[in-house]
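Close look at the chain arrangement
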Amino acid sequence: MHIGLNLIFLVPGETGGMEVAARELIPALIEAAPRGTRFTAFVNREAAAAKDGPWGELLPAVTVPVNARNRVQWVAGEQLLLPRLAASAGVDLLHSLASTAPAHGRFRRVVTVHDLIYARFPEAHAGIRDLGMRVLVPLAVRRSDRVIVDSRSTQRDLVELLGTSAERIDVVPLGIGTVARSEPLPESELRERLRLGERQVALSLSAKRPHKNLLALIGALALIPAERRPLLVLPGYPTEHEAALRARARTAGVEQDVRFLDWLSGEEFEGLWRVAQAFVYPSLYEGFGLPVLEAMARGVPVACSNASSLPEVAGEAALLFDPQDERAIAAALERLLSDRDEGRAEVERLRARGLERAREFTWERTARLTLESYRRALES
């Protein structure tokens, strides 16, 4: 069996969670595959030049001659060049890992669709990207033999919004690997560098986009009395939506209680995880919600939205709240930060449950279920 992996989308350091998933899944796939299975990666020029991934090291790589930062080149390469290159390489099956895929080719096709956010929250992908997703994702789903999704929530979206048969969809949860990738910056130095003072820290890690619901989180923060209010830390690259978030903090009177940070170094990031007393994730829509598992694996108690896939990921290891209810968000945060005996006991229970829950999500399991999807595609 010869498996091709479509990585044309992957620009190292610029592709977010989908890049993390690809880098973690590839070694696990190679390890779990039956004897005699071959893999070939199809990468863009940026990934070929970077030479810092499993493609070319753990498995051979074929360069598709496109620059994936250019959306038009990416699409053209995937639809026109990739089918010919994959056929020339002799692949039996091509797995596209990022929601879009070639519409044709002399091989079986599997596509992973991480979410349908372009349909649920179109403002998240404005302009040509939104238009492209609206065309390319349904096309990939229709033309693929099997469709992999990260959660049952996304499976329901595919059935409801695209009319896909549930029998063609394989639910394959993501895994979580080694979480601490750098030595944490010492707490005293971190607090001084990021201006955290001696306050309790509530961390929320997400892109600053409307569907992440950070406006409601800032509103909830304002409902907590000043003497008990934590410092809310929001790392992540700046977006156009950040201006609205900063304005909300000003008008709510919590401008000094929110830290808007750009991307952090590895040591700063690990240090921040270590000082956080709570992780809060109020998103309105997630295909999976990997940051929830990241927090649990580090022993940080979690409060998160009860929307989309998040209850599937969190199980009984987090406090769930209605993301539309700022008072509910505030109450969950206060429970995690309580210094009363019963509050501390609840936090310890959540911490222990979170560590146990995170251990259930392994890349080995993800690889095994992915290989089962390949088998179904080849037998169809």
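A quick note: this is a predicted structure, and the numbers were derived from the prediction, not measured. (Residues numbered from 1 in each chain as written. Predicted model: local features only at pLDDT ≥ 70, side-chain atom pairs only at ≥ 80, totals over all residues. Heavy atoms only, no water.)

**Regarding the sheet that holds strand S11 (residues 278-281)**
The six strands lie next to each other as S10-S9-S8-S11-S12-S13, forming an open sheet whose pairing is parallel. Across the chains shown, the open sheet's two edge strands, defined by having one partner strand only, are strand S10 (258-260) and strand S13 (319-321). The mean angle between the axes of side-by-side strands here comes to 25 degrees, regardless of whether they run parallel or antiparallel. Summarising the sheet, strand S9 (residues 231-234) and S10 pair through three bridges and their orientation is parallel. Bridge pairing links Val233 to Arg259 in S10. Set on the sheet, helix H8 (residues 214-223) makes contact with S9, S10 and S11; between it and S9 the angle comes to about 165 degrees. (Pairing = 2+ DSSP bridges. Helix = DSSP H or I, 4+ residues; strand = E, 2+ residues; numbered from the N terminus. Axes fitted to C-alpha atoms, helices over the stretch in contact; angles between N-to-C directions. Contact = heavy atoms within 4.5 Å.)

**What to know about the side chain of Asp257**
Positionally, Asp257 belongs in the loop between helix H9 (242-251) and S10. Classification of Asp257 by relative accessible area gives buried; the value is 10%. With sequence-adjacent residues up to four places away left out, Asp257 is seen in contact with Arg199, Leu221, Arg229, Pro230, Leu231 and Leu232. (Buried < 20%, exposed > 50% of the residue type's maximum accessible area, 1.4 Å probe, protein only.)

**Some remarks on helix H13 (residues 326-337)**
A rise of 1.5 Å per residue sets the reference length of H13, with its twelve residues, at 16 Å; its end C-alpha atoms lie 17 Å apart and thus fit the reference within 8%. Burial in H13 covers these residues: Ile329, Ala330, Ala332, Leu333, Leu336 and Leu337. For H13, the buried positions fall inside an angular range of 160 degrees around the axis, keeping them on one side. Tucked into the core, H13 has its buried residues touching strand S8 (201-203), H8, S11, strand S12 (302-305), S13 and helix H14 (341-358). Taking the backbone nitrogen of Arg327 as reference, a side-chain oxygen 3.0 Å away marks Asp325 as the first, capping residue of H13. (Expected span 1.5 Å × (residues − 1). Arc of directions from axis to C-beta. Polar contact = N/O pair within 3.5 Å; in protein donor to acceptor, adjacent residues only side chain to side chain.)

**Considerations on the sheet that holds strand S1 (residues 2-7)**
Read across the sheet, seven strands follow the order S3-S2-S1-S4-S5-S6-S7 without closing on themselves; strand pairing throughout is parallel. Each of the sheet's edge strands pairs with one partner strand only, and the pair in question is strand S3 (61-63) and strand S7 (169-171). Averaged over all adjacent pairs, the angle separating strand axes in this sheet is 25 degrees, with direction ignored. Where strand S5 (residues 108-113) lies against strand S6 (residues 146-149), four bridges are found, and the strand directions are parallel. When the bridges of S6 are listed, Thr112 appears paired with Ile148.

**Topic: the pairing of S5**
Every regular strand shows the same layout, with side chains that alternate between the two sheet faces. Among the six residues of S5, five are classified as buried, and the element is accordingly described as predominantly covered. Pairing analysis gives four bridges linking strand S4 (residues 93-96) to S5, with the strands arranged parallel. Residue pairing in the sheet places Ser96 in a bridge with Val111 of S5.

**Quick notes on the pairing of S9**
Every second residue of S9 is oriented toward a common face, with Leu231 and Val233 on one face and Leu232 and Leu234 on the other, all of them buried. Pairing of S8 with S9 involves three bridges; the strand directions are parallel. Bridge assignment links Ala202 to a residue of S9, and that residue is Leu232. The parallel pair S9 and S10 is bridged by H9, and the resulting crossover is right-handed. (Right-handed = clockwise from strand over helix to strand, strands pointing away.)

**Section: the packing of helix H11 (residues 290-297) against H14**
Direction vectors running N to C along H11 and H14 enclose 120 degrees, while the axes themselves pass 7 Å from each other. Taken as axis vectors, H11 and H14 run oblique relative to one another. The interaxial crossing formed by H11 with H14 has left-handed handedness. On H14, the residues touching Leu293, Met296 and Ala297 of H11 are Gly354, Leu355, Arg357 and Ala358. In terms of residue class, the contact of H11 with H14 is built from five nonpolar, one polar and one charged. (Parallel < 35°, antiparallel > 145°, perpendicular 65-115°, else oblique. Left-handed = near helix turned anticlockwise from the far one by under 90°. Nonpolar A, V, L, I, M, F, W, Y, C, P; charged D, E, K, R; others polar.)

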